[in-house]
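# Reading the structure
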Amino acid sequence: MKVLHLLDTLNRGGAEMQVLDICRNASDFGIDLTLATFQGGALETDFINSGADFVRLNRRFPLDLYLVSQLRKLIKEREIEIVHSYQAVEALHLYLAVRGLKNVKKVMSFQGFVKDKKNRLTLKFLLPRMDANIVVSRGLQKWHAEVDKFDTENFQVIYNGADIKRLKPSGKSLRAELNLDENSLLIGMVGSFYRDPRKDQMTLVKSLPKVFAEIPNAHCVFAGRIEEGAEEKFADCMNFCIENKIIERVHFLGSRSDIPDVLGALDVFVFSSLHEGLPVAVSEAMLAGVPMIVSDIEPLLEASNNGKYAEVFPVKNVEILSGKILNLLKDKSKRDDLAKRALEFAKANFSIEAHLRELKKLYESL
């Protein structure tokens, strides 16, 4: 089965990590995969070494007709049977590239929220023209129907999956890097500071004074880049820590390429969020064996099986979040039990193997 996956950029993000894991494991499922990119990015070397055929293209304009002709040539020369895109810009170029090629099927994945009106209009045009549309959670499907006003009747839910092999720590000590005692307890959140309100690092920050007052050896780390335009959100978190005299126990790590080492160091993973699709960071934390606390938005309830495999707190509720963190930090047996049960659930539902099994079924149905 010859498949082309197309990404506009190869920067470090949820969709890119998902596709990278697909590239590394596709051949085990009988998928002959080609990965093409328009602009490259920080993960380009990883994709080149992933085992999938790699093609670097160049997009000069929002809609580049020369690029469309290059894609069409690539698809015909490699006898591609299925083309798979992840954003409006990729899907539009592929749609035009395969027009008239009746044996080529078009698949589009919805990983998260549509960022602007232009993309929403483009996707509304493309949706009925795809042979299959994938959404990563029922919660995100509901959002697209109610907020974006998409026709989601033909959407198919396939959960994101992470490669547990990739999540094995290298042995590097995050505590040593931060000059912390090996017995210190670490809370952590992995997620970029975005302009839009999807991530809610501030609620976790506000929960920390109470936690730190009761547990003197507790620290908190935030891993994630600061998107342009989100500097004020980051500054608000920093200023709260300074004003509440906890800045020495809160560590903003910035963008990291060693997420397995970060996750491997954590005693509790917190995902305080307002809007999500089904974040790869949550799958990774579960597969890394880290007990988890999540906000009660629909996709995170879905990921935790309605709180069976994670502690859940109401969105923006600082007091309840503090209590949940304290309960887990004070009870190692509870942490271990929650992590063990969540790992087994994640292997069955959020591993790259589970994802590729469902993806191959869909491809075969086309």
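Nothing here was measured: the structure is a model prediction, and the numbers come from that model.

Throughout the structure, instances matching the rule amount to zero disulfides. Of all cysteine sulfurs, the one in C237 lies closest to C241, which takes part in no disulfide; the gap is 6.9 Å.

Across the sheet, seven strands lie side by side as 3-2-1-4-5-6-7; this open sheet has parallel pairing. Pairing within the sheet leaves two strands with one partner each, and these edge strands are strand 3 (53–56) and strand 7 (155–157). Direction aside, neighbouring strands of the sheet carry axes that sit 25 degrees apart on average. Summarising the sheet, strand 4 (residues 82–85) and strand 5 (residues 105–110) pair through four bridges and their orientation is parallel. Bridging across to strand 5, I82 finds its partner in K105.

Here we come to the nonpolar core. The tendency in soluble globular proteins is for nonpolar side chains to be buried side by side. L263, F269 and M286 are the most contacted members of the largest nonpolar core, which has 53 residues in total. When residues of this core are assigned to their parent elements, the largest contribution, five residues, is made by helix 11 (residues 280–287). Filtering out sequence-adjacent residues up to four positions away, L263 remains in contact with L167, V190, F269, E284, A285, A288 and V290. Residues M202, V211, F222 and V270 belong to the second largest nonpolar core, which totals 31 residues.

Non-glycine residue E79 carries a positive phi angle of around 55 degrees. On the secondary structure map, E79 appears in the loop between helix 3 (65–77) and strand 4.

With twelve residues, helix 1 (residues 14–25) extends 17 Å between its outermost C-alpha atoms, agreeing within 8% with the 16 Å of an ideal straight helix rising 1.5 Å per residue. Those residues of helix 1 not exposed but buried are A15, E16, M17, Q18, V19, L20, D21, I22, C23 and N25. Summarising the contacts, the buried residues of helix 1 are in contact with strand 1 (2–7), strand 2 (32–37), helix 2 (44–48), helix 11 and helix 15 (352–365).

Thresholds, definitions, all that
- Residues numbered from 1 in each chain as written.
- Predicted model: local features only at pLDDT ≥ 70, side-chain atom pairs only at ≥ 80, totals over all residues.
- Heavy atoms only, no water.
- Disulfide = S-S within 2.5 Å.
- Pairing = 2+ DSSP bridges.
- Helix = DSSP H or I, 4+ residues; strand = E, 2+ residues; numbered from the N terminus.
- Axes fitted to C-alpha atoms, helices over the stretch in contact; angles between N-to-C directions.
- Core = buried A, V, L, I, M, F, W, Y, C linked by side-chain atoms within 4.5 Å.
- Buried < 20%, exposed > 50% of the residue type's maximum accessible area, 1.4 Å probe, protein only.
- Contact = heavy atoms within 4.5 Å.
- Expected span 1.5 Å × (residues − 1).

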